[in-house]
Each structure stands twice: as structure tokens, then as C-alpha cells.
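Analysis of the macromolecular model
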Protein chains: 2
Amino acid sequence: MKKIVLVPDSFKGTMSSETICTVMERAIHTRLPEAQTVSLPVADGGEGSVDAFLTALGGEKIFLQVAEPDVDAVDGFYGLLPDGTAVVEMAAAAGLPQTKLRDPERTTTYGVGELLAHAAGRGAKKLILCLGGSATNDGGCGAAAACGVRFLRAGGECFVPVGGTLREIARVDISNLDPAVRKLPVETMCDIDNPLCGDSGAAAIFGPQKGADAAMIARLDAGLACLAERMERDLGVSVRDLPGAGAAGGMGAGSVAFFGAALRPGIETVLDTVHFEEQLRDADLVLTGEGKLDTQSLRGRVVIGVARRAKKCGVPVAAIVGDIGDDVQQPAYEAGVSGIFSTNRLAVPYEQARLRAETDLAATVENLLYWTTAMRRRL
Amino acid sequence: MKKIVLVPDSFKGTMSSETICTVMERAIHTRLPEAQTVSLPVADGGEGSVDAFLTALGGEKIFLQVAEPDVDAVDGFYGLLPDGTAVVEMAAAAGLPQTKLRDPERTTTYGVGELLAHAAGRGAKKLILCLGGSATNDGGCGAAAACGVRFLRAGGECFVPVGGTLREIARVDISNLDPAVRKLPVETMCDIDNPLCGDSGAAAIFGPQKGADAAMIARLDAGLACLAERMERDLGVSVRDLPGAGAAGGMGAGSVAFFGAALRPGIETVLDTVHFEEQLRDADLVLTGEGKLDTQSLRGRVVIGVARRAKKCGVPVAAIVGDIGDDVQQPAYEAGVSGIFSTNRLAVPYEQARLRAETDLAATVENLLYWTTAMRRRL
């Protein structure tokens, strides 16, 4: 075993993907001191996504102050990768950790737009937008406004819409959009299928965790519906039936309508960006994993995304996971996973298991390598 | 993978070793329909040990009524293996399931002796005595009496001692021992090191679970000490410092003193009896396991016993276990284990995990084989 590629998702609530890579590296070198490891921690689109990309590829973390309602400004940041790709995570400028405001009628993505414009101004060649952890429901209007898009009330007055004022948008004028932003290719990491509006839309599904009650959800939903109408009429972009439009309080829709973004499953963006196939070329083994592998995560999430590409290159994949759901083994094998190994070594509940997570992960990886090299020597 | 040998211990409280073999066989044939499996469920010395030997080797289960205090008789049984070895388990004639009597001053191993004498009379070539699950504390005197050994009170009266009357033994006379029993080689499966008497002796350690209180423990212990003295004086056998003499209410000592038994770790007896090394000759893999692999079970229990022999024959061993204790991996590898795999697939407590035990065991075995054959194809 000469080269092992590590490309794990985080174990939510337990270990970041960077931590997992570090633990795996150490375990590998305990058993195989000569092995080369390549760590590609997966950015899951939420808080920490910029760091994950920077860990995998190197690059620069650029900090700047961005606007935030109710405070003067907050410290935002984005990543600039060596190939000129900028990575912006909403959690860094419009996220629940950034704003203390639990009111999706007032929170804004304005700061996200500032980061985006800054990156475009620095000559970024491409932008990756990570949608996780937003506190907003403004359909991306704040971000658009920060980049020059004008939103006009019926009386002609220009304003920056927030969740609570989307219904006041009479017209959207994109003619003033920052030219650097306009020509910047944007790729939005989006792992949910929710539409913009309706029973499974942004407000209904994600409003409550952002602080909305039933009445507010109805108002937010009506606002997003109004926005969709204006986008269609004024920008010629229909987001009504677009899966993922409802991600991040409608930022899915906004990134498409205002910035011409492509919505893609996050893992595909990550694997393209880290040049996964190139890393596979001389690899003997891929280790991936996530906190829980279940029938839900089988649909396009990390393990399966990794396995599909590794299968094409003929490299075996071990999925090291926390919990293994029922009925996932066979579909996972078919996608290209060669084995699924749980880090659960004792029959204890999650609250206890998480305290042992790093040790158990290390022991699981060591054991898998010991077994595999023992069998290889023999077979 | 042409031939796989299955030699698991039971998962205590969850699955018998026979059940484990059945589940493993099915899982193996799902992945490798052509593979030959050899099931050697391990008798752990307790209830079900006779059945485990019969499952592994075939043979006959012989039923007969044996004496029991407070009831007329109970149905006892022993196993007669194809090579003429008889297997007697104490649980079948002096066990907690057999007698309702929770009084180790009155319970007796007499029925065990009847089984032993019956087997000897049928021409058994060897006898394996399984000590687990006894309800007795008579030092094996009952069993000896059933085979012709005479215990005499000070007045010369002959009696059958029980736990409460051991101190009344003035003399032991072995001259009437059934000649068939006398010439029968006896091997006692014994996995504990407790001495006959004292703080870690039979009465002190195992008395409480048989129904003894502190005062009774003191009386039982004094009785066993008296018996040891008589054994030394009248039979010329010193059991005082013999590790394991205190097993099964002193039946460890009794089997040595009255029947010339050899005390051996159970797994060694089992592996010899099932001709484990012969089965290994053309085997590609051994699957073993136990409910919990920990630093305690590393000392001569099933997994390690199996691994040591398989290592000599160069056959890899996978240990499929419930819980994996800390700090067992490296010592297990050194003994010959090539990999340890927990059946825990979800972070749930044992009470929940045990309900999923068979499914989880099957999935774990299937996954291990899938991984191993995938890696073999590649490497």
C-alpha cells in the first residue's frame, strides 16, 4: 500500500473532516510508516467549508469586515485557492454564528455579496458558494444588492430587501451589476432538493430553525413567491420548479437568478476542485466516511460521490462511518464501496460514543489496514 | 476463498455459538456461494456445551434420569461423540436450571456421577467434564459416591456428603470406585483459576450466586478445607494450591482427586476434540468471536486460543465480536488474530444492540468477505 487518499466528510457534532484526516493519517503511519497519504477533507457547505478547501489545496484566507444588521460590521472571510478559485461560505457572513438576530424577516445576505464582490475584484477566476448554516430568508437579494443589483419599490425607491420586505419589490434591475461579478463563473454547493416556495420550500422547512413561527413562515413564503415572479419577469429566470432553489433561505434561487450560478451537489464540486481523479491515478486505496451512512446519505452524498469516481478509476474505497443504517450495504457496494466499517466498538449510546470518537476511529483504521495487509501477504 | 472454518464462542446473553455458526454460514454463502464452511461451535463449559460438541462433530445425545434432592429424579443427558468421547455437562444434572434448590449446603453432584458412570459403562473411551452452571458446593463428593467412592463418618457410617456435611467426612475410601470409571480418562474444562478454599475459593466467590449468605459461606469453606485434608491423607492427592480446584463448587478438585482428571482451559479441550488443526490444513480463513474481547478474555479464552493454533498453521483469523475492549488490538495481533471486527453498527446501548444481534452479525461477516475478496481481486 503505497498511496492512500483520505476524503472524509465531517462526523457531524463529533469530528470535523480535517480532524478525521489527521487521525486517519496518524493511524495509517502507525501501521504503514512508508505509505504516502493525501488528505482531502470534504467541505460540506457549512461552517468550516473554506478551511476544508484550504487544508486540501492550500491558498489564502482573506478577511474583511462586512455589513450585518443591528451591528456595525462583522469579520467575514473567504478563501482564495492556488488556481484562483474563491470559496465563500454563507456561514461566514450570513450565518447563525455571525448574526445574533434570530429573525429571518430582518437578516440579510448583504455580507455574502460583499465577499463575492471582493473576490471578483481581486480577479478570482471562479467562485464556489457554500450555502450551509445561513440565518437568512432573503432569496439572496442582500448579496445581489451588495454587488450592484437594484431593487425598486412601486414608487421607484431603491432598497435592500430582507425576508420581511420581499413583497415590496416592484422591479429588479440587474444592469448595474458589478462587471467583475457578472463575468465570474459561480458554482453553488447545494445538497438539498427543496423548492423555493410551498410546503417543502425554504420558509416552511428551514424557517423554524431560524426563528420563524407559523405566521412569519406564511409571510416569508409569500415574499419568496413574489421574488420568484419578479425574477421571471425582470431577469427572465424561472426558479419556481428548480430543485435546490429553496436552499439557504432562497439563496439557491438567488445565486442562479442574480449570479448565473450552477447548483451542484457539494461533493461533485469538491471532488472537481481538489482534482480527485488525478490523485486517484496512482492510489492504492481511498478512505472516505461520514457520521451516518443511511439510505438518505446514499443519495449523492460524500461516500457515494467518492465511490462512483473511484470505481471508474478502479481504486477500492473503504467507508469508515459512525453508524451504518440498515439496507445500505448492497447499494453502497454497487456504487463502488468495497467495505463499510463502523467506528462503534462498544454497545453504548451516542453521547458516550462521541467522547471516544478519535480513539475509536484510529483503532478502526489501524485494524482495517492490519487485516488488509495480512490478507494480502497471504492471498 | 474455498474453505472457511467457523469456531465462535457464544455471545453471552445474546446468541449461542451454534446460532452464530448458522448466521455466519448463511452470510458466507450469500457472498461466496461456492465456499465450504466448517462449523465448530465452541462449548463454553456451561449449559449447551454437549449440544455444541454434537453440532461440531455429530454423535448421540443420551438421556437418563438421575437423582436430585427434593425431587424424585430429573432428566439428565450426556453426549457420545463418534470417536467414543463422552461429554458431560454439570448444568444438565447439577445445574441451576435442573434443581430448584438454591441451597449449596444441600445440592449434590450425584447425578453428574450417574451420567459419568453410565458413559463409562457404555464403553466411552474418554470423558470431557464441563463445569459451568453448577448449583453445588460438594467438592464432587456426590459424583464420586455415585461411582462407588465411599465416604465414612467417624462412626464408620457410610454417607453421601453434600456441601453442608463435608466436615463430617472422617475417611474417603476409593477402593470401590467403578472399574470402568477408574480406567476412563477424564478431562475437565476449566476456565477459572480459583483455588478450592479461602477468600477467592469456591464458597467465597461462587457461593452467593448459589444462594449462600456470609455465615453459610464460612461453613461451606470450612467443609471444603476438611475435604482437601481427607483427599490428601486418604487419596494422596493435594488440591490445596491447584488453580481451578474451586471451580463448580469444588468439582474442579473432585474431578482431579476422585477421577484423576486433568484440568485444562476449555478452548484447548474443544480444539483438540474437534481436530481443529486437521480442519485448518486446507482452510483459507478462520472466523472466531466472542461477546466481548477484552484484556480479561485475552488470557486463554476462545479468540486467543483459536488464534494461537491458526497462527502456527499460517491461517488468518478474523475475530467477530460484540464489544472490543481498549488495548486489546496489539496483543490479539501478536497471538495470531489478523483483524477484529465489532458487530456494533449503531451507537446504541446493549439492550438495543442485542435485539439486532443476528442481523448485525450477518452484515458484519458479509461486509468483511466483500472487502476481502475485493482487495484480493485488486492486490
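Quantities reported herein were computed from a predicted structural model and do not represent experimental measurements.

**So, the packing of aromatic side chains**
Following the criterion strictly, the structure yields 11 aromatic pairs over all chains and no others. Between the aromatic rings of Trp-371 of chain A and Phe-341 of chain B, the centroid separation amounts to 5.5 Å while the plane-to-plane angle is 85°, which identifies the pairing as edge-to-face. Taken as a pair, Trp-371 of chain A in helix 14 (residues 357–378) and Phe-341 of chain B in strand 16 (residues 337–342) lie in two separate chains rather than in one. Overall, Phe-341 of chain B belongs to the buried group, its relative accessible area being 7%.

**Re the sheet that holds strand 8 (residues 158–159) of chain A**
Residues and elements named next belong to chain A. The strand order 8-7-9 describes an open sheet built from 3 strands, whose pairing is antiparallel. This sheet does not close on itself; its edge strands, each paired only once, are strand 8 and strand 9 (171–173). Sheet topology places strand 7 (residues 150–152) next to strand 9; 3 bridges connect them, and they run antiparallel. In the sheet register, Arg-150 faces strand 9, and the bridge partner there is Asp-173.

**A word on the pairing of strand 5 (residues 85–89) of chain A**
Residue and element names in this part refer to chain A. With 5 of 5 residues buried, strand 5 is to be regarded as a mostly interior element. In strand 5, alternate side chains face the same way, and those of Thr-85, Val-87 and Glu-89 on one face and Ala-86 and Val-88 on the other are all buried. Across 5 bridges, the pairing between strand 5 and strand 6 (residues 126–130) is parallel. Each residue of the ladder has a partner; that of Val-88, found in strand 6, is Leu-129.

**Concerning the domain arrangement of chain A**
Residues and elements named next belong to chain A. Per the domain assignment, the segments of chain A are domain 1 (3–40 + 276–378) and domain 2 (49–266). In this structure, domain 1 and domain 2 have C-alpha centres spaced 33 Å apart. Opposite the 7 residues of domain 1 that make contact, domain 2 presents 7 residues. Roughly 410 Å² is buried in total at the junction of domain 1 and domain 2, and carbon and sulfur atoms are behind 48% of that figure.

**Quick word on the nonpolar core**
Membership of the largest hydrophobic core comes to 56 residues, with the highest contact counts inside it found for Val-112, Leu-127, Leu-129, Phe-151, Met-251, Phe-258 and Phe-259 of chain A. In terms of residue count, the dominant contributor to this core is helix 8 (residues 247–259) of chain A (8 residues). With near-sequence residues (within four places) excluded, Leu-129 of chain A lies in contact with Val-88, Met-90, Val-112, Val-186, Glu-187, Thr-188, Met-189, Met-251 and Ser-255 of chain A. By size, the runner-up hydrophobic cluster in this structure holds 54 residues, among which are Ala-144, Ala-228, Phe-258 and Ala-261 of chain B.

**Remarks on helix 3 (residues 110–121) of chain A**
All names here are of chain A. Over its 12 residues, helix 3 extends 16 Å from the first C-alpha to the last, a length consistent with the 16 Å expected when each residue adds 1.5 Å. Considered for burial, the residues of helix 3 that qualify are Gly-111, Val-112, Gly-113, Leu-115, Leu-116, Ala-117, Ala-119 and Ala-120. The positive-phi residue at the C-terminal boundary of helix 3 is Gly-123, with phi of around 85°.

**Some details on the relation of the copies chain A and chain B**
When chain A is fitted to chain B, the residual RMSD is 0.1 Å, and the transformation amounts to a turn of 179° plus an axial shift of 0.1 Å. This pairing of chains is accounted for by a two-fold axis. Comparing contact sets, 100% of the residues at the interface of chain A also lie at the interface in chain B, consistent with an isologous, same-surface contact.

**Structural notes on the packing of helix 7 (residues 214–235) of chain A against helix 8 of chain A**
All names here are of chain A. With their axes 11 Å apart at the nearest point, helix 7 and helix 8 run at an angle of 5° to one another. Viewed along their axes, helix 7 and helix 8 adopt a mutual orientation that is roughly parallel. Only Gly-249, Ala-253, Gly-254, Ala-257 and Phe-258 of helix 8 make contact with helix 7, whose side of the interface consists of Leu-224, Leu-227, Met-231 and Leu-235. Broken down by class, the residue content of the contact of helix 7 with helix 8 amounts to 7 nonpolar, 2 polar and no charged.

**Notes on the sheet that holds strand 2 (residues 36–39) of chain A**
Residue and element names in this part refer to chain A. Reading across the sheet, the 5 strands line up as 2-1-12-14-16 and stay open at both edges, with parallel pairing between neighbours. Of all strands in the sheet, those bounded by a partner on one side alone are strand 2 and strand 16 (337–342). The average undirected angle you get between the axes of adjacent strands in this sheet is 20°. Inspection of the sheet shows strand 1 (residues 3–6) paired to strand 12 (residues 285–288) by 3 bridges, in the parallel sense.

**Examining the pattern of salt bridges**
Residues and elements named next belong to chain A. Going through the model one piece at a time under the given rule, you end up with 44 salt bridges over all chains. Between Glu-268 and Arg-309 there is a salt bridge whose closest N-O contact spans 2.6 Å. With Glu-268 in helix 9 (residues 266–273) and Arg-309 in helix 11 (residues 302–312), this pair connects stretches of sequence that are 41 residues apart. For Asp-360, the salt bridge goes to Arg-356, with nearest N and O atoms at 2.9 Å. Through salt bridges that share partners, Lys-126, Glu-187, Arg-264, Glu-268, Asp-272, Glu-277 and Arg-309 make up one connected network.

**Some thoughts on the interface of chain A and chain B**
Contacts between the two partners involve 44 residues from chain A, matched on the other side by 44 residues from chain B. The junction of chain A with chain B conceals about 3600 Å² of combined surface from both sides, 53% of it contributed by carbon and sulfur atoms. If you look at where chain A meets chain B, you find 2 salt bridges. Where Arg-356 of chain A meets Asp-326 of chain B, a salt bridge forms, and the shortest distance between an N and an O atom there is 3.1 Å. One can count 25 residue pairs in polar contact (both at pLDDT 80 or more) joining chain A with chain B. Elements represented by at least two residues in the side of chain A that touches chain B include exactly strand 14 (317–321), strand 15 (323–324), helix 12 (329–335), strand 16, helix 13 (350–353) and helix 14 of chain A. It is helix 14 of chain A that provides the largest number of residues to the side of chain A that touches chain B, a total of 11 residues.

**Focus on the environment of Leu-127 of chain B**
Residue and element names in this part refer to chain B. Here Leu-127 is to be found in strand 6 (residues 126–130). For Leu-127 and Ala-318, which are 191 residues apart along the polypeptide, the C-alpha to C-alpha distance reads 31 Å. Setting aside residues no more than four positions away along its own chain, Leu-127 makes contact with Ala-86, Val-88, Leu-116, Ala-119, Leu-184, Pro-185, Val-186 and Glu-187.

**As for the pairing of strand 2 of chain A**
Where strand 1 of chain A lies against strand 2 of chain A, 4 bridges are found, and the strand directions are parallel. For Ile-4 of chain A, the partnering residue across the bridge sits in strand 2 of chain A and is Thr-37 of chain A.

**Considering the side chain of Asp-323 of chain B**
Counting through the fold element by element, Asp-323 of chain B comes out in strand 15 (residues 323–324). Nearest to the buried, unbridged Asp-323 of chain B among oppositely charged side chains is Lys-292 of chain B, at 4.3 Å.

**Some thoughts on the confidence of the model for chain A**
Mean pLDDT over chain A works out to 94, with 98% of the residues at or above the 70 mark. Overall fold confidence (pTM) sits at 0.89, and the ipTM for the predicted complex is 0.87.

Conventions we followed
- Residues numbered from 1 in each chain as written.
- Chains lettered and ligands numbered in written order.
- Predicted model: local features only at pLDDT ≥ 70, side-chain atom pairs only at ≥ 80, totals over all residues.
- Heavy atoms only, no water.
- Phe/Tyr/Trp six-rings, centres within 6.5 Å; stacked < 30°, edge-to-face > 60°.
- Helix = DSSP H or I, 4+ residues; strand = E, 2+ residues; numbered from the N terminus.
- Buried < 20%, exposed > 50% of the residue type's maximum accessible area, 1.4 Å probe, protein only.
- Pairing = 2+ DSSP bridges.
- Domains from an automatic or database assignment.
- Contact = heavy atoms within 4.5 Å.
- Buried area = accessible area lost by both parts, 1.4 Å probe.
- Core = buried A, V, L, I, M, F, W, Y, C linked by side-chain atoms within 4.5 Å.
- Expected span 1.5 Å × (residues − 1).
- Least-squares fit on C-alpha atoms with pLDDT ≥ 70 in both.
- Axes fitted to C-alpha atoms, helices over the stretch in contact; angles between N-to-C directions.
- Parallel < 35°, antiparallel > 145°, perpendicular 65-115°, else oblique.
- Nonpolar A, V, L, I, M, F, W, Y, C, P; charged D, E, K, R; others polar.
- Salt bridge = Lys/Arg side-chain N within 4 Å of Asp/Glu carboxyl O.
- Polar contact = N/O pair within 3.5 Å; in protein donor to acceptor, adjacent residues only side chain to side chain.
- Lys, Arg positive; Asp, Glu negative; His and termini not counted.
- pLDDT = per-residue confidence, 0-100.

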